[in-house]
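Letter by letter, the chains look like this.
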There are 2 protein chains.
Amino acid sequence: MTLEHISTSRSYTGEQQVWRHESTSTGTPMTFAVYVPDHAPGTKLPVIWWLSGLTCTHENAMNKCEYKAACAKHGIIFICPDTSPRGPEVADHEEYDFGQGAGFYVNATQEPWAAHYQMRTYVEDELPKLVAANFPVDMERQGISGHSMGGHGALTVSLRNPGRFRSTGAFAPIVSPLNCPWGDKALTGYLGEDRADWREYDSVALIKDGARIDNCRVEQGTADEWLDGQLKTHLFTDACSAAEMAVDLHMHEGYDHSYFFVSTFMADHIGWHAELLKA
Amino acid sequence: MTLEHISTSRSYTGEQQVWRHESTSTGTPMTFAVYVPDHAPGTKLPVIWWLSGLTCTHENAMNKCEYKAACAKHGIIFICPDTSPRGPEVADHEEYDFGQGAGFYVNATQEPWAAHYQMRTYVEDELPKLVAANFPVDMERQGISGHSMGGHGALTVSLRNPGRFRSTGAFAPIVSPLNCPWGDKALTGYLGEDRADWREYDSVALIKDGARIDNCRVEQGTADEWLDGQLKTHLFTDACSAAEMAVDLHMHEGYDHSYFFVSTFMADHIGWHAELLKA
């Protein structure tokens, strides 16, 4: 596995790096961002995986999330993958919520998507192995979080892998693709009509089917324009209640769905991860 | 003068707003971003004007500069104008460093630029009047800063208007368009071959010609890829020394020209403005 260095910029007391590699999961080049705080040679640092939302590349969170100061302060590596395979040979769709930039962190089974849209394997297996082999991460101290479609990704990756992450967060997550128009469209396309096949990609269904995780925190703005029609946070908290799984829901009065919301609460969110990752 | 509201998002303890208006200076619609911290009704707040660099719109600093936390903390309004007129009827150039996105904060005298490229009047006169009339700003407490081409803008606007700004900052400014390739190209295009006409748009020449300001601070990364060939910070500090004008130069070891540099030192930079603006 060859890593191609794209860029490094000093940022706060650390380095914001960007790398590219040929992914065996997607069969395409994949680019990801890694923030590495200054650290003593030989030290391994806790890591937070950040999964981004619809339309995003590795760049959006890197530029807009304001995670770097907190990661520098707490000594945490922060990784932002892309949200889908990309390229002229990769199937696409003219709308923003399906196709390139909208991989939904699933392994597609339907044509023409199955050839490259293997984002579950990419973020769950391939990228963690690649990062563990090439960066000073302590894989015993992992946290995960994400925004919107990436919040869905963070919750479902963690619920399918209980015990892997010490902390699981999400900002304004799509909690149930089975129960919203974004999910209907994308998962029908990637996985087909049999909705039983969707359940492993739905945080509410995973909990109903028995999955449990510790240390789960959700940040949600009350003025989020997608809250009622797409995100439906209550479906997740209801499922957690029924399953007696603790979730720490932070409702933020007046904040919308944008990175202006995410960045506002990022330092506090990372501080919460840090307490668990450094305990 | 009609202001068209584009967007408002809650961000930290304040609002990130975007507005558009028909500019009489440029003869085009102009868009700008305004961050307004929460404040008691009737209160007027100090203001920092931020001039952005090559290729930027009002959005880049809004998304990448990480000014909002510090402005919320100190109660300072932060304004990001666009860097040029835009639109299909506006003259343009195929390269990034001239034409749309590269107005250099001058009033162009040469065709085809003169028709719309009146950015000096826009940022120096029109926008301040518009903002004073429509936002809760205390025009007795203004600061100005900017990045790269916008650092040039901030220094030259302030040097031409001594006493208007209590604090004048710049990140990685182009200090002398008379002495760098970016300046040669753009100012020849906008102002013509007579370099005497450029002097009011050159911070070094303005100081040599007698302009003085108090409370001037420059942030500069030592790993800035444009430092030697374009920015030439020493020309500014040399001119200040010769003129016995104080300048507080902060060299930052290992930082480049990017927003990763700017965002790292923005909170500290705003803190410095705040001390002067709130004194």
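Starting afresh in each chain, residues are numbered from 1 along the sequence in its written order. Labels are handed out in written order, letters beginning with A for the chains and numbers beginning with 1 for the ligands. Local features in this predicted model are restricted to residues of pLDDT 70 or higher, and side-chain atom pairs are both shown and tallied only at a pLDDT of 80 or more, whereas totals for entire chains, interfaces and linings draw on every residue. Processing note: side-chain calculations cover all non-hydrogen atoms of the structure and skip hydrogens and water entirely.

### Considerations on the sheet that holds strand S3 (residues 29-37) of chain B
All names here are of chain B. Formally: Two strands pair if DSSP finds at least two bridges between them. In this description a helix means any DSSP run of H or I spanning at least four residues, a strand means any run of E spanning at least two, and both kinds are numbered starting from the N terminus. Axis geometry follows a simple rule: fit a line to the C-alpha atoms, using only the stretch in contact for helices, then measure angles between N-to-C directions, giving values from 0 to 180 degrees.
Ordered by their spatial adjacency, nine strands build an open sheet running S1-S2-S3-S5-S4-S6-S7-S8-S9, and the pairing between neighbours is mixed. On the outer flanks of this sheet lie strand S1 (3-10) and strand S9 (248-252), each paired with one strand and no other. Ignoring which end each strand starts from, the neighbouring axes of this sheet average 20 degrees apart. As defined by bridge partners, strand S8 (residues 216-221) adjoins S9 across five bridges and the pair is classed as parallel. Within the sheet, the bridge partner assigned to Glu-219 lies in S9 and is His-250.

### Describing the confidence of the model for chain A
Threshold: One confidence number per residue, pLDDT, is output by the predictor and ranges from 0 to 100.
When pLDDT is averaged across chain A, the result is 98; 100% of the residues are at 70 or more. What the predictor reports for the complex is a pTM of 0.97 with an ipTM of 0.95.

### What to know about the packing of aromatic side chains
Residues and elements named next belong to chain A. As a reminder, the rule being used: For Phe, Tyr and Trp, where Trp contributes only its six-membered ring, two rings pair if their centres lie within 6.5 Å, and the inter-plane angle classes them as stacked under 30 degrees, edge-to-face over 60, or tilted in between. Partly exposed describes any residue whose relative accessible area lies between the buried limit of under 20% and the exposed limit of over 50%, with all areas from a 1.4 Å probe on protein chains only and scaled to the type maximum. Put simply, a charge is over a ring when the Lys NZ or the Arg CZ is close to the ring centre, within 6 Å, and near the line of the ring normal, within 35 degrees.
Inspection of the entire model under this criterion finds 32 aromatic pairs over all chains. Aromatic side chains Tyr-35 and Tyr-67 sit 6.3 Å apart centroid to centroid with 70 degrees between the ring planes, which places their arrangement in the edge-to-face category. You can see Tyr-35 sitting in strand S3 (residues 29-37) and its partner Tyr-67 sitting in the loop between helix H1 (58-64) and helix H2 (68-74), a full 32 residues away along the chain. Given the relative accessible area of 0%, Tyr-35 is considered buried. Consider the rings of Phe-98 and Trp-113, whose centres lie 4.5 Å apart with planes at 50 degrees: the pair is tilted. One end of the pair, Phe-98, is in the loop between strand S5 (77-81) and helix H3 (119-134); the other, Trp-113, is in the loop between S5 and H3, and 15 residues separate them in sequence. Trp-113 shares its class with Phe-98; the two are buried. Among the aromatic residues, ring-to-ring pairing joins Tyr-35, Trp-50, Tyr-67, Phe-78, Phe-171, Tyr-255, Phe-261 and Phe-265 into one connected group. Lying over the aromatic face of Tyr-67, Lys-68 brings its terminal NZ or CZ to 4.9 Å of the ring centre. Here the basic side chain of Arg-195 rests over the ring of Trp-198, its NZ or CZ set 4.5 Å away from the ring centre.

### Structural notes on helix H5 (residues 181-191) of chain A
All names here are of chain A. Here is the rule we go by: What the arc measures is the spread of directions leading from the helix axis to the C-beta atoms. Every residue pair with non-hydrogen atoms within 4.5 Å of one another is taken to be in contact.
Regarding H5, the residues found buried are Trp-182, Gly-183, Ala-186, Leu-187, Gly-189, Tyr-190 and Leu-191. With its buried residues spanning 165 degrees around the axis, H5 presents them on a single face. Looking at the buried side of H5, the elements it contacts are helix H7 (227-231). At the exit of H5 stands Gly-192, carrying a positive phi of roughly 95 degrees.

### Considering the pattern of salt bridges
Residue and element names in this part refer to chain B. Test applied: In what follows, salt bridge is the name for a side-chain nitrogen of Lys or Arg lying within 4 Å of a carboxyl oxygen of Asp or Glu.
Throughout the structure, instances matching the rule amount to 28 salt bridges over all chains. The partner of Glu-95 in a salt bridge is Lys-185, with the nearest N and O atoms 2.2 Å apart. Of the two residues, Glu-95 sits in the loop between strand S5 (77-81) and helix H3 (119-134) while Lys-185 sits in helix H5 (residues 181-191), which places them 90 residues apart along the sequence. Relative accessible area serves as the criterion here: at 41%, Glu-95 is assigned to the partly exposed category. Two residues, Asp-138 and Arg-141, come together in a salt bridge whose shortest N-O distance is 2.7 Å. The same class applies to Asp-138 as to Arg-141, namely buried.

### What to know about the side chain of Thr237(A)
Residue and element names in this part refer to chain A. Basically, it comes down to this: Definition of a polar contact: a pair of N or O atoms within 3.5 Å, with one able to donate and the other able to accept a hydrogen when the atoms are protein atoms, and with sequence-neighbouring residues admitted only if both atoms are side-chain atoms.
Along the chain, Thr-237 turns up in helix H8 (residues 233-243). Residue Thr-237 is classed as buried on the basis of its relative accessible area, which comes to 18%. There is a polar contact of 3.2 Å between the side chain of Thr-237 and the backbone oxygen of His-234. When sequence neighbours within four positions are dropped, the list of residues in contact with Thr-237 reads Val-247 and Leu-249.

### Quick look at the sheet that holds S3(A)
All names here are of chain A. Spatially, S1-S2-S3-S5-S4-S6-S7-S8-S9 is the arrangement adopted by the nine strands of the open sheet, whose pairing is mixed. Bordering the open sheet on either side are strand S1 (3-10) and strand S9 (248-252), each of which pairs with just one other strand. If you compare each strand with its neighbour and ignore which way they point, the axes differ by 20 degrees on average. Sheet strands in contact with helix H4 (residues 149-160) are strand S4 (45-51), strand S6 (137-146), strand S7 (167-171) and strand S8 (216-221), and its direction is about 135 degrees off that of S6. On top of the sheet, helix H9 (residues 259-277) reaches S4, S5, S6, S7, S8 and S9; it is set at about 175 degrees to S7, its chief contact.

### Quick notes on the environment of Phe265(B)
All names here are of chain B. Among the secondary structure elements, Phe-265 is positioned in helix H9 (residues 259-277). In sequence terms Phe-265 and Asp-82 are 183 residues apart; their C-alpha atoms lie 22 Å from each other. Those residues in contact with Phe-265 that lie beyond four places of it in its chain are Phe-171, Glu-219, His-252 and Tyr-255.

### Focus on the environment of Gly143(B)
Residues and elements named next belong to chain B. Looking at the secondary structure, you find Gly-143 in strand S6 (residues 137-146). The class for Gly-143 is buried, based on a relative accessible area of 0%. Distance from Gly-143 to Phe-165, taken between C-alpha atoms, is 5.0 Å for residues 22 residues apart in sequence. Apart from the residues lying within four places of it in its own chain, the contact partners of Gly-143 are Val-47, Ile-48, Trp-49, Phe-165, Ser-167, His-273 and Leu-277.

### Considerations on the relation of the copies chain B and chain A
Rules: What sets the superposition is a least-squares fit of C-alpha atoms, and only residues with pLDDT of at least 70 in both copies go into it.
Here chain B sits on chain A after a turn of 180 degrees about the axis and a move of 0.0 Å along it, with an RMSD of 0.0 Å. Here the symmetry operator amounts to a two-fold rotation axis. Minimal C-alpha separation from the rotation axis in chain B is found for Lys64(B), amounting to 2.8 Å. Most of the interface of chain B is mirrored in chain A, where 100% of its interface residues again form contacts.

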